Amino acid sequence: VPLDVRTELYHASVPVLESLLPELVGSDGGVLVIGHNPGLVDFLEHAVGKSPRMPTAAIALLDCNFSNNADASRIQLRDVWRPRELP
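Residues numbered from 1 in each chain as written. Predicted model: local features only at pLDDT ≥ 70, side-chain atom pairs only at ≥ 80, totals over all residues. Heavy atoms only, no water.

Participant: Describe in detail the layout of surface pockets, supporting the description with residues and values.
Facilitator: In this structure, the largest pocket encloses a volume near 700 Å³. Lining the largest pocket are 25 residues; nearest its centre among them are Val 33, Ile 34, Leu 40, Ala 58 and Ala 60. Only helix H1 (14–24), helix H2 (39–48) and strand E1 (59–64) provide two or more residues apiece to the lining of the largest pocket. At five residues, the largest contribution of residues to the lining of the largest pocket is made by E1. Of the residues contributing to the lining of the largest pocket, the split by class is 19 nonpolar, six polar and no charged. (1 Å grid on protein atoms, 1.4 Å probe; cavity = no way out; pocket = protein on both sides within 12 Å on 5 of 7 lines; lining within 4 Å. Points joined across faces, edges and corners; volume = space filled by probe spheres on them. Helix = DSSP H or I, 4+ residues; strand = E, 2+ residues; numbered from the N terminus. Nonpolar A, V, L, I, M, F, W, Y, C, P; charged D, E, K, R; others polar.)

Participant: Which residues make up the side chain of Arg 82, and what are the values?
Facilitator: Note that Arg 82 resides in the segment after strand E2 (75–81). Filtering out sequence-adjacent residues up to four positions away, Arg 82 remains in contact with Pro 52, Arg 53, Pro 55 and Ala 58. (Contact = heavy atoms within 4.5 Å.)

Participant: Residues and numbers for the nonpolar core, please.
Facilitator: Ranked by size, the top nonpolar core spans 16 residues in total, and within it Leu 9, Leu 17, Phe 43, Ala 47, Val 48, Met 54 and Ile 75 carry the most contacts. When residues of this core are traced back to their parent elements, those giving at least two are H1, H2 and E2. Among residues more than four places away in sequence, those in contact with Met 54 are Asn 37, Val 41, Leu 44, Ile 59, Ala 60 and Val 80. (Core = buried A, V, L, I, M, F, W, Y, C linked by side-chain atoms within 4.5 Å. Buried < 20%, exposed > 50% of the residue type's maximum accessible area, 1.4 Å probe, protein only.)

In structure tokens form, the structure reads like this:
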């Protein structure tokens, strides 16, 4: 699996996440972004209109369907898993 470390994701703001996400999505449409709050929760609220509780190590699964920008209308929140909910 290709690994692309982007230091700008740590404490990234919504505009930074919007600009980086489209270029990070792989040919299969998938990407795992590990970042830091409040930026990731702010991005979720902006992109999907929800602000789920995201404690440390929580995972949000998004469906992203965009070509050259992170248009919020093309992002859907599928699920959120918190550490206590993981096996």
